[in-house]
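Below, each chain spelled out in residue letters.
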Amino acid sequence: MSAADVAPVVQLHDAALRFGERTVWSGLNLDVAPGEFVAVLGPNGSGKTSLLKVLLGLQRLTSGAVEVGGSSPSRGSRSVGYVPQQKGFDRDVPLRGRDLVALGLDGHRWGVPLPSRARRGRVDAALADVGAQRYAKAAVGRLSGGEQQRLRMAQALLGDPALLLCDEPLLSLDLHHQRVITELVDRRRREHGTAVLFVTHEVNPVLPLVDRVLYLAEGRWASGAPDEVLTSERLSALYGTPVEVVRIGGRVIVAGTPDAVHAEPGGSHHHPDDSAGAIPR
Amino acid sequence: MTTHWGYLHLAFAQHALIAASIVAVISGVVGPFVITRGMSFAVHGAAELALTGAAAGLLIANDAVSGALVGSVVVAGAFGVLAVRERERDSAIGVVLGLGLGLGFYLLHFYHGFETEALDILVGQITSVGTTQIEILVAVALAVLVAMIALYRPLTFASVDLDLAEARGVRTRLVGLLFLLLLCVTVTEAAQVVGTVLVLSLVITPAAAAQRLSAHPGVVIGLSTVFALIAADGGLLVNIVYVPDVRASSFITFIAFAIYALARIAAATRHSLGGRGELPADPEHSDATADVTDGAVG
């Protein structure tokens, strides 16, 4: 990546976030260049979602500086796409796939949307980008998790944002859809230069694609290429307790962390899917 | 069986039909959002508290109708202030409802006029609607409809995905409070037609039936409104023409439920015939299975 010569999309300088007595993270420095794909890893409660909320302008830093696209983050910015943690929809919610995507275009405006060819065209294009045309008219509540997630992706990308923030987009997806979603994000950042911050517990599906890992734990952080950060030494230092990083057949397994959940979700190691991709570099 | 078609030429019947139609339209429009936002209990609470508003209105100005309307705004304010978080909503409504009903009966104790006027609101007083009340109804309905049009997009966004709507710049708290206000006003007006106890039949039942038949947001609102109209006017006609000695409210609820039952049957039939409706079988799921199987072998 030619990160050095382009203005970064995200700049965090000596950033700290505290809730009362508790320091979520501090001294955080992070520059994310256009087109860069950063995986944000770490145990529950390490402030991954809070970091996204800071970049969305929903949460203020306790100290330090943050800029998104050269200015301080503001809620509702058109240059940031967001896929929040999946909650699923009620089966009978009166909303079709394309209605969900259209909310990304103008859902924040007052009034009833007036039918227009341009509006329809943009929604169609966004649906086509993620390959979701087939269920554009189906009720969202009756689609599978993977189908819903594709629609959310289309919704987030519709405005062609400079920055895409994804919060656990792989949660409860089968391996096939995990790969579909990560590849969708990867293609987007390569073709459109979208910077991506991807919060996930599922390390292995994204490792082959990401440029960099930001690992948050115990109020500390580490960032760098996956190979540099995901080592027993670095993670032991981060957690302040012995942590073992094991690589088996191209898969990374982090063992001995206090919540030991982020690398081995739901017995997915039985599936050979992840081993298809080797660790980059 | 004696029929009374001649009654339809009389002012009381015409006023009743007009009032029922107006209330049906606003109930039908508001209903789908009530279901999506999970606010059925707020409907019930606001409907019962119409009694308190009516009692206060009778006591202060000898006017149950205006009292109920002003009361609905107070109720919306109380729900909104106490239920800041979504999870607190039901308990806050329960608290306000309990106090409100107690207050309502307390106020009635001091009212020495025609006490049934307030109690009428519990079962509906549709056949005693006057021109003034119709004028109030029209004004309220127009205000509710205009506000619903303005709120349509942000309300939809906030109802289906609160976190995302918040991040995208929707003022979710304001939108939620405004909808709560519209809901309480609508419910109070509906209470005067079908009665407090039966409001759910005009606000919830038609919308629930409509959601069984379509996922298109506009179609659902349209169907819900049509169903509410059929139930309200149909129930009223049965009452006026065939069974004048039984209250219209009962027939309104019967028709609303019949529509709901038919909608469920229609939806079930369609699903058993055509899988997921407009959606063909998903070839990708079989892909995914194939991936795993391939890998396991290799």
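Not measured: the values here are computed from a predicted model.

S.K.: I'm lost on the nonpolar core in this one. Help?
M.R.: Nonpolar side chains in soluble globular proteins generally cluster together in the buried interior. If you look at the biggest cluster of nonpolar residues, it comprises 179 residues, and the most contacted ones within it are Phe198 of chain A together with Val43, Leu183, Val199, Leu202 and Ala232 of chain B. Examining the composition of this core, we find that 13 residues originate from one element, helix H1 (residues 11-36) of chain B, more than from any other. The residues contacting Phe198 of chain A, other than those within four sequence positions of it, are Phe37, Val38, Ala39, Val40, Cys166, Val185 and Val206 of chain A.

S.K.: Even after reading the chapter, I still don't get the sheet that holds strand E8 (residues 212-217) of chain A, so can you show me in this structure?
M.R.: Within a sheet, adjacent strands bond to each other through the backbone by hydrogen bonds, running parallel or antiparallel. Residue and element names in this part refer to chain A. In spatial order, the strands read E5-E6-E7-E3-E8-E9; together these 6 strands make up an open sheet with mixed pairing. Of all strands in the sheet, those with a lone pairing partner are strand E5 (80-83) and strand E9 (220-224), marking the two edges. With direction set aside, neighbouring strand axes in the sheet form an average angle of 15°. Pairing between strand E3 (residues 37-41) and strand E7 (residues 195-199): 4 bridges, direction parallel. Its bridge partner being in E7, Val40 is matched across the sheet by Val199. Contacts from helix H5 (residues 175-192) reach E3, strand E6 (163-167) and E7 within the one sheet, and its direction differs from that of E7 by about 160°.

S.K.: Please explain the confidence of the model for chain B as it appears in this structure.
M.R.: Predicted coordinates in regions of low pLDDT should not be interpreted in detail. All names here are of chain B. Here chain B averages 86 in pLDDT, and 89% of its residues register 70 or above. Here helix H13 (residues 283-297) stands out as the least confident element of chain B, with mean pLDDT 37; helix H10 (residues 205-213) is the most confident, with 97. Within the model, the stretch residues 277-298 combines pLDDT values under 50 with 22 contacts to residues more than four positions away or in other chains. The ipTM for the predicted assembly is 0.87, set against a pTM of 0.87.

S.K.: Can you help me understand the sheet that holds strand E1 (residues 10-19) of chain A in this one?
M.R.: Residues and elements named next belong to chain A. Taken in spatial order, the 3 strands make up an open sheet running E2-E1-E4, and their pairing is antiparallel. With one partner strand each, in any of the chains shown, strand E2 (22-32) and strand E4 (63-68) form the two edges of the open sheet. Within this sheet the neighbouring strands show an average axis-to-axis angle of 25°, counted without direction. Strand direction decides the pairing type here: E1 and E2, joined by 7 bridges, are antiparallel. If you follow Gln11 over to E2, its bridge partner there is Asp31. Packing against the sheet, helix H1 (residues 48-55) makes contact with E1, E2 and E4, and its axis sits at approximately 120° to E1.

S.K.: How do you make sense of the pairing of strand E11 (residues 251-255) of chain A when you look at a structure like this?
M.R.: Residues and elements named next belong to chain A. Across 5 bridges, the pairing between strand E10 (residues 244-248) and E11 is antiparallel. From the neighbouring strand, Val246 faces E11, where its bridge partner is Ile253. Counting the residues that bridge the hairpin from E10 to E11 gives 2 residues, and of these Gly249 lies at a positive phi of roughly 55°.

S.K.: Could you clarify how one ought to interpret the packing of helix H2 (residues 97-106) of chain A against helix H4 (residues 145-157) of chain A in this entry?
M.R.: The description of two packed helices rests on the angle between their axes and on the distance between the axes. Residues and elements named next belong to chain A. Contact geometry for H2 and H4: axes closest at 7 Å, N-to-C directions at 30°. Judged by the angle between their axes, H2 and H4 are roughly parallel. Here H2 and H4 pass one another in a crossing that is right-handed. Across the interface between the two elements, Gly97, Leu100, Val101, Leu103 and Gly104 from H2 touch Leu151, Ala154, Gln155 and Ala156 from H4. A per-class count over the contact of H2 with H4 returns 6 nonpolar, 3 polar and no charged.

Scoring rules and cut-offs
Residues numbered from 1 in each chain as written. Chains lettered and ligands numbered in written order. Predicted model: local features only at pLDDT ≥ 70, side-chain atom pairs only at ≥ 80, totals over all residues. Core = buried A, V, L, I, M, F, W, Y, C linked by C-beta atoms within 7 Å. Buried ≥ 20, exposed ≤ 12 C-beta atoms within 10 Å, placed from the backbone. Helix = DSSP H or I, 4+ residues; strand = E, 2+ residues; numbered from the N terminus. Contact = placed C-beta atoms within 7 Å. Pairing = 2+ DSSP bridges. Axes fitted to C-alpha atoms, helices over the stretch in contact; angles between N-to-C directions. pLDDT = per-residue confidence, 0-100. Parallel < 35°, antiparallel > 145°, perpendicular 65-115°, else oblique. Left-handed = near helix turned anticlockwise from the far one by under 90°. Nonpolar A, V, L, I, M, F, W, Y, C, P; charged D, E, K, R; others polar.

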